[in-house]
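Descriptive analysis of the structure
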Amino acid sequence: MNEYAISPTEFNQFRALMRQIAGIDLPPAKIHLVSGRLARRLREHGLKSFGEYFRMVTGDHGGQELGRVIDLLTTHETYFFRESAHFDYLAERILPELPRNNDIRLWSAASSTGEEAYSLAMVLMDRVGTQSRWEIFASDISSEVLGKARTGIYAMNRIDGISRDYLRRFCLRGVGTRQGTLRIAPALRERVRFAQVNLNEPLSAHGLFDVIFLRNVLIYFDLPGKRQIVERLARQLKPHGRLFVGHSESLNGVTRMLSQERPTIYRRS
């Protein structure tokens, strides 16, 4: 049971903070989520109210704790080959079009604990192999989930989306103290580069990409926030590059920089 009660004023302080830092809109219905996820930090710091905690994280020495707030209030639900039709389309329609004499670059722009990025790497290794140069750039605003992603270690009950063929070729089953886990093979891990990226900040330093996956992210932003993020990412697409969004998302009315190729798949105009 949560012994701390967050007032509407305190909730709105954290709501404004997340909008300012990450562009994420926390609707009033999320007040209990905010209270539940941050209450443990109040206990650990011996604080009596969310107001005290807000002053702490926004003070001169709140940088590291502010990172914990971002980790706790961003959603990290993901799994291997989520919305599998996207990976089929990538393998069967997009990759055959890409010239093999150029570097192939894909970006998992909200990679969370890495399942999406490693799923992309499996498809690239299967369809492109090692003869062409390619890489997966994987980013998230949360440093905590990126730390987990870099290990490439996952519980066996989280790998249902990986085919038997891919499990055999691209994964290592844990033994001894690691029994019950799986690790992504080194040949794949070395093709995936993780970095902490805030999508509300300039992105040009990350270069241009053939494909960007930005799935199940835009649902947390209002229309102006969606437009800013989508157009910022669209500028990082190579000519005719594709942007994938989640199956519950649409870019209708969001931007003219991209045209719809298929539902949830957009091409840079």
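See the structure printed just above.
Quick caveat, the model's predicted, so the values are computed rather than measured.

What counts as what
Residues numbered from 1 in each chain as written. Predicted model: local features only at pLDDT ≥ 70, side-chain atom pairs only at ≥ 80, totals over all residues. Heavy atoms only, no water. Helix = DSSP H or I, 4+ residues; strand = E, 2+ residues; numbered from the N terminus. Rg over C-alpha atoms; globule rule 2.2 N^0.38 Å. Buried < 20%, exposed > 50% of the residue type's maximum accessible area, 1.4 Å probe, protein only. Contact = heavy atoms within 4.5 Å. Areas by Shrake-Rupley, 256 points an atom, 1.4 Å probe, with all protein chains shown as cover. Lys, Arg positive; Asp, Glu negative; His and termini not counted. Charge placed at Lys NZ, Arg CZ, Asp CG, Glu CD. 1 Å grid on protein atoms, 1.4 Å probe; cavity = no way out; pocket = protein on both sides within 12 Å on 5 of 7 lines; lining within 4 Å. Points joined across faces, edges and corners; volume = space filled by probe spheres on them. Nonpolar A, V, L, I, M, F, W, Y, C, P; charged D, E, K, R; others polar. Pairing = 2+ DSSP bridges. Axes fitted to C-alpha atoms, helices over the stretch in contact; angles between N-to-C directions. Salt bridge = Lys/Arg side-chain N within 4 Å of Asp/Glu carboxyl O.

**Comments concerning the overall build of the chain**
- For the chain, the count of helices and strands is 10 helices and 10 strands.
- Rg of the C-alpha trace for the chain: 20 Å, near the compact-globule value of 18 Å for 269 residues, within the 12% margin.
- Seen through its principal axes, the chain has C-alpha atoms that stretch 60 × 55 × 30 Å.
- When the 269 residues of the chain are sorted by exposure, 50% land in the buried category.
- Taking all contacts inside the chain whose residues are at least 6 apart in sequence as the whole, residues at least 24 apart take part in 74%.
- Accessible surface, the chain as shown: approximately 13,400 Å² in total, 49% of it carbon and sulfur.
- Side-chain charges of the chain comprise 39 positive and 29 negative groups, with the mean position of each set lying 3 Å from the other.

**Thoughts on the layout of surface pockets**
- Counted as a void, the second largest pocket has a volume near 180 Å³.
- Together, 14 residues line the second largest pocket, and L98, P99, D210, K238 and P239 are the ones closest to its centre.
- Across the lining of the second largest pocket, the residue classes tally to 5 nonpolar, 3 polar and 6 charged.

**Re the sheet that holds strand 10 (residues 265–268)**
- Strand order in the open sheet made by the 7 strands is 6-2-1-7-8-10-9, with mixed pairing throughout. Each of the sheet's edge strands pairs with one partner strand only, and the pair in question is strand 6 (192–196) and strand 9 (258–262). For this sheet the average axis-to-axis angle between neighbouring strands, irrespective of direction, equals 25°.
- With 5 bridges connecting them, strand 1 (residues 104–108) and strand 2 (residues 134–140) associate as parallel partners. The partner of W107 across the bridge, within strand 2, is F137.

**Brief notes about the pattern of salt bridges**
- In this structure the tally under the stated criterion is 21 salt bridges.
- A salt bridge links R242 to E261; its shortest N-O distance comes to 3.1 Å. Linking R242 in strand 8 (residues 237–244) with E261 in strand 9, this pair joins segments that are 19 residues apart in sequence.
- For E261, a relative accessible area of 24% gives the class partly exposed.

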